[in-house]
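Fold and geometry: a report
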Amino acid sequence: MTTTSALVFLAAEEGHKENPLVPPWPEVVIGLIAFVIVFGFLAKKLLPTINKVLEERREAIEGGIEKAEAAQTEAQSVLEQYKAQLAEARHEAARLRQEAQEQGATLIAEMRAEGQRQREEIIAAGHAQIEADRKAASSALRQDVGKIATDLAGKLVGESLEDHARQSRVIDRFLDELEEKAEATR
């Protein structure tokens, strides 16, 4: 027998029997009863647990969303406060910078005024010193010129002209005339 003929033989033999795709009725009834029992067990025991877990998960998700929204609102509030503080700090820094510039300008003006005053004092002291030195030099010069003139006049006359009072008057008169001539030429 060949393989093909064996298959044909088996198929003919089973042809007497019922259709293999349709199960026998007792098996269908037993399967249906088993299905109802398993479904009832799942509905009674497992379904409430599944629903409970799903409800908890939904509440957790909704609570997480609410928490996230609250955190976002709080973060926005903190950001606004930060921005306000930053703006205030910038304003304060600008004010302090302006005050520092004004104080610096005031300090510079005061220092310039103090420098000008000290310069004027130094110039005035210099002028006073120059005037004192000029008077001292003029006095020394008068004495030296008077002594030289007296010595020269004594040599020319041949007598000593030691009368100091007369000598001083003559010298002073001579020097005053020289000063008047010098001032007139200026």
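Quick note: structure is the one above.
One structure accompanies this document, and this report is about it. Treat the numbers as computed from the prediction; the structure is a model and nothing was measured.

As for the overall build of the chain
Tallying secondary structure elements over the chain gives three helices and zero strands in all. Going from N to C terminus, the chain has its helices and strands arranged as α-α-α. Out of the 186 residues belonging to the chain, those deemed buried represent 4%. Taken as a whole, the chain presents about 16600 Å² of accessible surface, with 63% of it coming from carbon and sulfur.

Topic: the packing of aromatic side chains
Evaluation of the coordinates by the stated rule reveals one aromatic pair. Geometrically, the ring pair formed by Phe 35 and Phe 39 is stacked, given 6.1 Å between the ring centres and 20 degrees between the ring planes. In this pair, Phe 35 and Phe 39 both sit in helix 2 (residues 25–157), four residues apart, roughly one turn of the helix.

Section: the pattern of salt bridges
Inspection of every chain in the model, using the stated rule, returns eight salt bridges. For Arg 58, the salt bridge identified is with Glu 62, shortest N-O distance 2.8 Å. In this pair, Arg 58 and Glu 62 are both assigned in helix 2, four residues apart and thus about one turn of the helix distant. Salt-bridge contacts for Arg 95 lead to Glu 92; the nearest nitrogen and oxygen are separated by 2.3 Å. Taken as a pair, Arg 95 and Glu 92 lie in helix 2 at a separation of three residues, close to a single helical turn. The class of Arg 95 is partly exposed, set by a relative accessible area of 35%. For Glu 92, a relative accessible area of 32% translates into the label partly exposed.

Definitions and limits used
Residues numbered from 1 in each chain as written. Predicted model: local features only at pLDDT ≥ 70, side-chain atom pairs only at ≥ 80, totals over all residues. Heavy atoms only, no water. Helix = DSSP H or I, 4+ residues; strand = E, 2+ residues; numbered from the N terminus. Buried < 20%, exposed > 50% of the residue type's maximum accessible area, 1.4 Å probe, protein only. Areas by Shrake-Rupley, 256 points an atom, 1.4 Å probe, with all protein chains shown as cover. Phe/Tyr/Trp six-rings, centres within 6.5 Å; stacked < 30°, edge-to-face > 60°. Salt bridge = Lys/Arg side-chain N within 4 Å of Asp/Glu carboxyl O.

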